[in-house]
Structure formats: C-alpha cells, structure tokens
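The primary structure of each chain is shown beneath.
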Amino acid sequence: MKKIDICLTPNLLPLYELSDRIVVVVDVLRATSSITAGIATGVKSIFPVAEVAACQALQAQGYIAAGERDGKMVAGFSLGNSPFDYMNEALQGKSIAMTTTNGTLAIDKSKAAKEIIIGSFLNLTAIATYLENQEYDVLIVCSGWKGKFNLEDTLFAGALVEKLQDSFEYECDSGLAALCLYQTAKGDLMTFMKNSSHFRRLKHLDVVDDIAFCLSIDHFSVVPYVINGNEIVKK
Ligand code: MLT
C-alpha cells in the first residue's frame, strides 16, 4: 500500500526523504488558497519565491509582484495575499511572482520532492483524486507559522488523509492526529478555527471573508503543480 505522512511544520522537513514522494504543500491561510484560486481562474503561472528581494527582482523583469509579510501586502507590490486578489480577469494569462511569510518558503524548502502540488480546501477533492491515481507515496507539508505548528494546515492534512485512508497508510502518528483533529472540526471549520493564532491575526487585519472563503471545500477542481523547479501552473 502507498504511504502518506504529514510534516507538521517546514522545520521538520529534514526528517523526511522527499525524492521519491509527491509533496502536497498547504498554506490554507492564505498562500496556497490564493495560488489555487489564481491558477483555477486563468492566471498563467505563479513563481513562488522565499524572499521579498527575489520577488522584487522578478518584478523588475516584468512579473506582477504579489505577496505579504505578516499578512500585509508588501509595499510596491500589485497584489497582497487575499484569494480574491487573484480571481481577477485582468490577471488572465499573466505570470505572477509571489512571496509570503510561510507558504512560498515551504514550497522552496520542498524542492527535493519528486513532484510538488499545491493543496487547499478549495481543491481538496481534486488533489485527493490526483494522488489516488499516482503510484508514489505522499508527504503533506504544512507551512505553519514561522516554523511552528498551525491549526488550519493540519486540518487540511486531516481532510486529505480522510479522503485517502482506503488507498494509503500512514507511517507516523501525525496522520492519525490530523485525521482526529479534522473529524472533530469538520462540522464547523470556521468556529473551530476561531481561537487559532492566524485567525486572530487576520481578523485584526479585517480579512475574515478571506478566512471563510479559504475554508470552503471544493470550490475548484484544479491541481496546481510546480514545473521547471519553480513555476506553478495548471496540471
Ligand atoms: C503565509 O504564507 O504565511 C500566509 O499566506 C500569510 C497570510 O495569511 O497572508
């Protein structure tokens, strides 16, 4: 049977062998939700970079610069990190360079993977179906917050494990823990999330609509994936 494991924060990545696995990077609030929304609605490609300076360099080459630090849009960029920013007709066919506090960093740190795909609640079933049809083991990489655990990415991991539990087995207890957490929360994800650190951070920034949207399941059926080492496109 294929195996599924969960890396609960990017700081734990050195514990995992990536080269023979498909890695699903998730940053529910909000990077991978925004990437999913953009790629599903016509953005041609997104270049995730870890550092603001690298994003500015791509901006100078003509890319649309996007992203945040501590939830706020970077000064001089055209887009922040709200999924609603990325669902815009003006972005159809365009390429975006993106940097975020945790999500793009997690993508960068996962580069040794056989393949990287981008997961969120918005494309949960599409991701599950894709993985079911591949022959490789899977690692879900939770982006967390500045190297630490977060609730929302672990909830997504649990939702994916629930969908895949008949065709995959988990190796370490993180799969079981995430599944139990998701099964406790799934009746009302929004209420469950209300005391979490990033909910409180984003509420402070007055973007609660973003949270509700990012917690909605199967809005899109797209599987964004990384090609050429650093370009996210539609599969
Ligand atoms: C991140 O990558 O850290 C997040 O997407 C932060 C945010 O909510 O903007």
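Fair warning: this is a prediction, and the values are worked out from it, not measured in the lab.

## Digging into the site of the ligand
Around the ligand, 14 residues are found, and the nearest of them are Asp 27, Asn 81, Thr 100, Asn 102 and His 198. One nitrogen or oxygen atom from the side chain of Arg 30 is found 2.7 Å from an oxygen atom belonging to the ligand. Contacts to the ligand include His 198, whose side-chain N or O atom sits 2.7 Å from an oxygen atom. Class assignment of the residues belonging to the shell around the ligand gives a composition of four nonpolar, seven polar and three charged.

## What about the pairing of strand S1 (residues 2–7)?
Counting buried residues in S1 gives five out of six residues, a clear majority hidden from the surface. One ladder, built from three bridges, connects S1 with strand S9 (residues 168–170); its direction is parallel. In the sheet register, Lys 3 faces S9, and the bridge partner there is Glu 169.

## Some points on the environment of Gly 67
Positionally, Gly 67 belongs in strand S4 (residues 64–69). Gly 67 sits in the buried class, given a relative accessible area of 0%. Remark: the alpha-carbon pair of Gly 67 and Leu 79, spanning twelve residues in sequence, is separated by 6.3 Å. Once you skip the residues sitting within four places of it in the chain, Gly 67 turns out to touch Lys 72, Met 73, Val 74, Phe 77, Leu 79, Gly 80, Tyr 86 and Thr 99.

## Considering the pattern of salt bridges
Applying the stated criterion to the full structure yields seven salt bridges. Here Glu 171 ties to Arg 21 by a salt bridge, and the two come within 3.1 Å at their closest N and O atoms. Of this pair, Glu 171 sits in the loop between S9 and helix H7 (174–185) while Arg 21 sits in strand S2 (residues 21–26), and the two are 150 residues apart along the sequence. The class for Glu 171 is partly exposed, based on a relative accessible area of 45%. Notably, a salt bridge pairs Lys 146 with Asp 70, separated by 2.8 Å at the nearest N-O pair. A residue pair is termed long-range when its members are at least 10 positions apart, and Lys 146 in the loop between strand S8 (137–142) and helix H6 (151–164) and Asp 70 in the loop between S4 and strand S5 (72–73) qualify at 76 residues.

Parameters and conventions
- Residues numbered from 1 in each chain as written.
- Predicted model: local features only at pLDDT ≥ 70, side-chain atom pairs only at ≥ 80, totals over all residues.
- Heavy atoms only, no water.
- Near = heavy atom within 4 Å.
- Polar contact = N/O pair within 3.5 Å; in protein donor to acceptor, adjacent residues only side chain to side chain.
- Nonpolar A, V, L, I, M, F, W, Y, C, P; charged D, E, K, R; others polar.
- Buried < 20%, exposed > 50% of the residue type's maximum accessible area, 1.4 Å probe, protein only.
- Helix = DSSP H or I, 4+ residues; strand = E, 2+ residues; numbered from the N terminus.
- Pairing = 2+ DSSP bridges.
- Contact = heavy atoms within 4.5 Å.
- Salt bridge = Lys/Arg side-chain N within 4 Å of Asp/Glu carboxyl O.

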